[in-house]
Each structure stands twice: as C-alpha cells, then as structure tokens.
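# Survey of secondary and tertiary structure
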Amino acid sequence: MPRLWLFEETIDTDVLAPGFYMKSPLAELAEHCLEAVRPEFVSKVQKGDVILAGDNMGVGSSREQAAEVLKYHGIAAVIARSFAGIFYRNSINLGLPALILPKGLTLPDECVDGAEISFQFDKSMLTLTKSQKVIGCEPIPTFLKTMIDDGGLVPHLEKRFSAEVIPKC
Amino acid sequence: MTTLAQKIIAKASNQPSAKVGEVVVCAVDLAMIHDSGGPRRVKPILEKLGRSVWDKNRVAVVTDHYVPIEGEETRAIQELTREWVLEQDIKNFYDQQGICHVVLPERGHLSPGMFCVGGDSHSPTGGAFGAYMFGIGATEMAGVLATGEIWIKVPETILIKWTGQTDAFVTAKDMMLATCAKIGMGGGRYQAIQYAGEAIHKLNMQERMTMSNMAAELGAQAGLISPDETTIEYLKSVNASILDNWQNYQIEKPDLNGEVINLDASSLSPQIAAPHSPENSSDVDDFKNISFDIAYIGACTGAKYTDLMAAASILKNRKVSSNVCLKVAPASLRDQQRAEREGIMRILEDAGAEFLPNSCGICAGYGSDRLLKEQVCISSTARNFKGRMGDPSSKVYLASPYTVAASAIAGTMVDPRDMMES
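From N to C terminus, chain A includes seven helices and seven strands. Going from the N terminus to the C terminus, chain A shows its helices and strands as β-α-α-α-β-α-β-α-β-β-β-β-α-α. In summary, chain A has a C-alpha radius of gyration of 17 Å against a globular reference of 15 Å for 169 residues, a match within 12%. On the principal axes, the C-alpha backbone points of chain A span a range of 65 × 40 × 30 Å.

Further remarks concern the overall build of chain B. Within chain B, the secondary structure is distributed over 15 helices and 18 strands. In terms of overall dimensions, chain B is globule-like: its C-alpha atoms have a radius of gyration of 20 Å, near the 22 Å expected for 422 residues. Taking the principal axes of its C-alpha atoms as reference, chain B extends roughly 60 × 50 × 40 Å. For chain B, the residues scored as buried account for 61% of the 422 residues in total.

Attention now goes to the interface of chain B and chain A. Contacts between the two partners involve 35 residues from chain B and, on the opposite side, 33 residues from chain A. Broken down by secondary-structure element, the contributors of at least two residues to the side of chain B that touches chain A are helix H2 (39–49), helix H3 (71–87) and helix H5 (138–147) of chain B. Looking at the side of chain B that touches chain A element by element, the count peaks at five residues for H5(B). The residue inventory of the side of chain B that touches chain A, partitioned by class, reads 13 nonpolar, 14 polar and eight charged.

As a further point, take the sheet that holds strand S2 (residues 50–53) of chain A. All names here are of chain A. With parallel pairing, four strands are arranged side by side in an open sheet as S1-S2-S3-S4. Of all the strands in the sheet, the pair left with one neighbour each is strand S1 (4–6) and strand S4 (98–100). Strand-to-strand twist in this sheet, taken as the mean axis angle between neighbours without regard to direction, amounts to 20°. In this sheet, S2 lies alongside S1 in parallel orientation, the contact comprising three bridges. By the bridge assignment for S2, Leu4 is matched with Val50.

Our next topic: the pairing of strand S18 (residues 395–398) of chain B. All names here are of chain B. Here S18 shows two buried faces, one formed by Lys395 and Tyr397 and the other by Val396 and Leu398. Where strand S17 (residues 376–379) and S18 come together, four bridges link them in parallel fashion. Looking at the pairing, Ile378 lines up with Tyr397 of S18.

Excluding glycine, residues mostly have negative phi values, and the peptide bonds linking residues are mostly trans. Following B:Val67, the chain continues into B:Pro68 via a peptide bond in cis, with omega recorded as 0°. Relative to the helices and strands, B:Pro68 resides in the loop between strand S3 (59–63) and H3. Cis geometry marks the peptide bond from B:Pro275 to B:His276; its omega dihedral reads 0°. Note that B:His276 resides in the loop between strand S12 (271–273) and strand S13 (281–283). If you check the backbone angles, A:Asn56 has positive phi at about 60° while not being a glycine. With respect to the element layout, A:Asn56 can be found in the loop between S2 and helix H4 (65–72).

Before going further, it helps to spend a moment on the pairing of strand S6 (residues 125–128) of chain A. Residue and element names in this part refer to chain A. With burial as the criterion, only one face of S6 is covered, namely that bearing Leu126 and Leu128; the residues Met125 and Thr127 on the opposite face remain uncovered. Sheet topology note: the strand S5 (residues 117–120)/S6 ladder contains four bridges and is antiparallel. Counted as the bridge partner of Ser118 is Thr127 from S6. Where S5 hands over to S6, the hairpin turn is made up of four residues, of which Ser124 adopts a positive phi near 50°. Across four bridges, the pairing between S6 and strand S7 (residues 133–136) is antiparallel. Within S7, the residue paired with Leu126 across the bridge is Ile135.

Attention now moves to the packing of helix H6 (residues 172–183) of chain B against helix H8 (residues 205–213) of chain B. Residues and elements named next belong to chain B. H8 packs onto H6 with a crossing angle of 15° between their chain directions and a minimal axis gap of 9 Å. In terms of orientation, H6 and H8 fall into the roughly parallel class. Crossing geometry of H6 relative to H8 is assigned as right-handed. Contacts from Ala172, Lys173, Met175 and Met176 in H6 reach Glu207, Thr210 and Met211 in H8. Taken together, the residues of the contact of H6 with H8 sort by class into four nonpolar, one polar and two charged.

Residue and element names in this part refer to chain A. With antiparallel pairing, the three strands of this open sheet are ordered in space as S5-S6-S7. Strand pairing shows two members of the sheet lacking a second neighbour, S5 and S7, which therefore form its edges. The mean angle between the axes of side-by-side strands here comes to 20°, regardless of whether they run parallel or antiparallel.

Moving on: the domain arrangement of chain B. Residue and element names in this part refer to chain B. One can read the domain layout of chain B as domain 1 (4–264) and domain 2 (271–421). One C-alpha centre belongs to domain 1, the other to domain 2; they are set 25 Å apart. Contributions of two or more residues to the side of domain 1 that touches domain 2 are made by helix H4 (100–106), H6 and H8. Sort the elements by how many residues they give to the side of domain 1 that touches domain 2 and H6 lands first, with six residues. Partitioning the side of domain 1 that touches domain 2 into residue classes produces 14 nonpolar, 13 polar and seven charged.

Counting residues in each nonpolar core, the largest one holds 198 residues, and the members touching the most others are A:Val50 and A:Val78. Taken together, domain 1 (4–264) and domain 2 (271–421) of chain B each give at least three residues to this core, which thus spans both. Among residues more than four places away in sequence, those in contact with A:Val50 are A:Pro2, A:Leu4, A:Ile75, A:Ala76, A:Ala77, A:Ile79, A:Ile117, A:Phe119 and A:Leu126.

Before going further, it helps to examine the environment of A:Thr146. All names here are of chain A. Relative to the helices and strands, Thr146 is located in helix H6 (residues 142–150). Judged by the 12 C-beta atoms lying within 10 Å of it, Thr146 is exposed. Measuring from C-alpha to C-alpha, the distance between Thr146 and Gly136 comes to 20 Å, with 10 residues separating the pair along the chain.

Low-confidence regions, as indicated by low pLDDT, have predicted coordinates that should not be scrutinised in detail. Across chain B, the average pLDDT comes to 97, with 99% of residues at 70 or higher. Taken together, the chains of this predicted complex give a pTM of 0.97 and an interface ipTM of 0.96.

Looking now at the environment of B:Cys180. One can find B:Cys180 in helix H6. Those residues within four positions of B:Cys180 in sequence are excluded, and the remaining contacts are B:Met185, B:Glu217, B:Leu218, B:Ala273, B:Pro278, B:Glu279 and B:Ser281.

Moving on: helix H12 (residues 344–351) of chain B. The set of residues buried in H12(B) consists of B:Ile344, B:Met345, B:Ile347, B:Leu348 and B:Ala351. For H12(B), the arc enclosing every buried residue in end-on projection is 160°, short of the 170-degree limit, so these residues lie on one face.

Calculation criteria
- Residues numbered from 1 in each chain as written.
- Chains lettered and ligands numbered in written order.
- Predicted model: local features only at pLDDT ≥ 70, side-chain atom pairs only at ≥ 80, totals over all residues.
- Helix = DSSP H or I, 4+ residues; strand = E, 2+ residues; numbered from the N terminus.
- Rg over C-alpha atoms; globule rule 2.2 N^0.38 Å.
- Buried ≥ 20, exposed ≤ 12 C-beta atoms within 10 Å, placed from the backbone.
- Contact = placed C-beta atoms within 7 Å.
- Nonpolar A, V, L, I, M, F, W, Y, C, P; charged D, E, K, R; others polar.
- Pairing = 2+ DSSP bridges.
- Axes fitted to C-alpha atoms, helices over the stretch in contact; angles between N-to-C directions.
- Parallel < 35°, antiparallel > 145°, perpendicular 65-115°, else oblique.
- Left-handed = near helix turned anticlockwise from the far one by under 90°.
- Domains from an automatic or database assignment.
- Core = buried A, V, L, I, M, F, W, Y, C linked by C-beta atoms within 7 Å.
- pLDDT = per-residue confidence, 0-100.
- Arc of directions from axis to C-beta.

Here it is as structure tokens:
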C-alpha cells in the first residue's frame, strides 16, 4: 500500500540530489536522495508513494535530477503548498505529476507522515485510506496535463515531430 | 505602457504585447549550457528526437562545474562535452574559462532586449544587462535546442526599489541578503523582479549581476535591471552587439501589475545569512564573535573582479588569522588576469589566501574540495543550504567579500567597517 511522505520543512534540490554525487549515474545519485534530512527515505520508499511538502518545494538548483531521483524511486506525485518554478517545470517535463494545494487548505489530522494513501492523477486527488478523507489539489493546466499524460516533454516532442513529418511525394 | 519583462516577452513571442498570466511560446535568442546539465544530458535526448541544435550560433557552452577534472567520471563528462561541441560545430565554447554567468557577459553574449535561457538556476544574472534570462532543467533545454523555442507564462513584475546610497563596505550582496530576509526565498513567486532606484543605477555591472543572479534566491524567474549608460558602456567594452533601439528596453518606471517593495540602501548594514538559508539574514552585529574554519571567496556572486578588489582592499597589508583558512576561487580567468595585472592577486596571496581554479568550486559542492564534517564556513557565495558545500553537518554563513575578508583577518565574524575605521 502506497504511503505518504510528509515534509514540514522546505526541501531544496541539494538535499534531493546532492552535488557531490551529481557526476555519478542516476542509480547511485538516487541512493543519496534526502539523506541529509531523512536518512531512512531511500530504504523505505515504495512505488506509488506520494510526497506532500510545504512551501517552495524544490527550491535551488536547476538540476532536474532533483525530480528525476523521486521518479526513479517510484514516487507517484509531488504535492506541495507551492513549488519553486524550475523544479515544477522539471517535474512535468519528466512526467512526474506536480500538484499544488489550494491556498489556505487545512490538512485533515489524519494526514500524517507514513499514512496509507491512494492517488488519482486524473482527479488531482489524494485519498487517505484509513479515514477515506480526500485532499483535492488545484487542477493542473490542460497543456501541462497532456505533457504528463504523454510521459513528459521528450515523448511529447516525439509525438509532435512525427506529426510534422511531411510525406515524400 | 508595459514592464521590461513584458516588452521582451512580447518581442520574443512575436506579439504586439504580452498579457500577464497568458501562456506564450517564445523564440530563444541564446541558450547557455554547462558541463553538468549540458551535453551529457541533452545529447541522448537530441539523439532520441533525431535533431541537432536548431542554431549553433545561438548556443553557448561553458565548462565550470566539473573543474578541475578529478577522476574518471568527471574526465568522461568533460570529454563528452568537448566531443559534442565539435560534433554540433558550436563556436561559443568556453572550456575552463570561468563560471558561465560571468563568462557570458564578458564575452559579449548578452544585451538589452534578448530572451535567453540557461541550464543553471543562476541564469537570471543576464537580467543585469536588460535581457530576460532564466534557468531551466536539462530535458527542457534539450527541447529548446531541438526547437529554438520555449513556453512561458507571462509573469507579473515585482518592483524592488532601492533608494539612497550604500555606506562604504556595503555591497550588492548585502542588499540581496537583506531582500531575502525581507521577502523570503519564495517571495519572488516565480514572477519577474525588476530592481530600480538610484542605489541600483549607482552599482557597476558586476554588482548588478549579483543583484540579478540572486533573484533566484527570491524564487523569481528573472531579475531585471533597466539598461542605462553604465550598461551600454560595459557592453561596448566587451564588443557586444547592441540593438539600435536598445532604448526601447529602458523602462525604469514600469506600468506595474504587481507589488512594489521599497528599501533604503543608506541605512543598510553589512549582512550575514545564518545556516541553512539566505533568508536567515540580519545585520553583521548579530553574528559577532562566531568563529569558523574556512573563509571562502568564490562563485558567480562572490568572486568576480570587483569582489576580488573588495577583498583586497581589506586584506592589504594584513594577514589571515592563524585559526582560519582563506580560499579564493576567482570567478573567471579574465577577472583573475585583470586582478593579477592590478596587483590584487598579489595582495590576496600575501595575506595568506589559497587559490582554487576559475570554476564553481566549493559553492556547488561537486568536487573534492568541500566542507568536511562539522566545518563552519563564511562564504561570499549565494546559497547555504544544508550539505550543499559538503558534509550535511557543515555550516555555511553567507556574507559580502568585504565581510568575509575582514572576518578572515579577525578570526571571527566582524563588521568590515569596524576594521577599516579602527
């Protein structure tokens, strides 16, 4: 059963993808994801887990590996009060759903770190399994949703380029 | 009337005007990539897409993150970078010449009205020259390189107006740290920031670059300064091509749709940011007597020619305290050479500084020269996130080159004005 990773503090790109390991292959870099703030993350994260963060999620560097390592670990979505702009764009370009909580939303008491959850991207919705309480996120703009549905910017461009090909006479 | 950001975006999107909040596709005038997020990341994507770079003359490649080369992994990255540059026939290649944000303007690549992207979060530095420039990740950069375009949501402009004039030994870095404390790291809301007011236009171009660069630390997409005579004089000195109608981009009092933040430069003291965020800034007095192991003068916001000159003015005829180590990584080769010609490097050396290569150095934490367990550093860089410059237990305090240099002499954090007046 997928679980929720709740972060109270601001998560920056450098704790997601530490600079010293940026030279290494993704699998090795991913081993160090969040080790400075949550050393247990890498050993406990499961496919389908969702990250719920506070303000300015992903602040810092433009390194897209900060979002890529989360995708590598099977994170289904990153939800936050607000995002740093580059991280938000990177997530979507990599096909990782990034969703924003409605302004001023009070999270239910049951929304705790480790809570069992289910996530529905089509509805921008997170459900807390035990209480069946629902956290609705802001709808994602259509053109960005299309990009995520395509699997990210690269498959999206592949689709566009293949449509552009003019058949030879 | 419009804002500088809207004016540039309207031109780039080939529309008479750009409405805030509207999503538009812009033609890119210049795309800058470096060795970390550049060729090694974009090459496989371009190959997958079956495309080459859309316009080799609009691409600049700089190696600065994996400099110096250490070991096989970084050697392979640099070799791949050089091979790709050759393969794509890119002439604007600056191999180990300094940090990308400093190299671009010194080689005349930026001018007012340009719409540019960079594969690095500190790309807003280009705003100092009246260019709309912002940072993007590697996949998005590959998309730009393949198509020559990028989508953007036309931003609001937040005007940060600095009145008055700074005291001696108070710099752009102090202005920016104070701004981080005032509006926070999310305060820029991924909008455009424009810096205005007499204190801004009194700054030289390298100090303006520090302002624009650290718009990234405010969470803004871009950090613009309306071009003036100082801008044009600088651009002429580096043989940049300047649009005949550059004055169209001289918009000092934009028709605002966002907020205005008024700040007073004349009452500003030197600032220090406590670990682990630039927004933890306050007056240097709040940090007096804090000791540290390393004093670092480095990075695109802290080791340009004017930063080296600032440090030298303090270090002249003085010696670094025996309990600290002063490390200096001049931000570009040209800046270092100028500092050598003018005797600045000699002053730093005589004071006891140790020199590092012209690269991102300890600031990026990519190489072996990094902070060790429990080490404390006072640094002229832009970011002090937990573990960024080394071990997660290390601590970084941010300050201006004056404050770093004065503190290196005292052995504890001090106000440079106290040292120079005593």
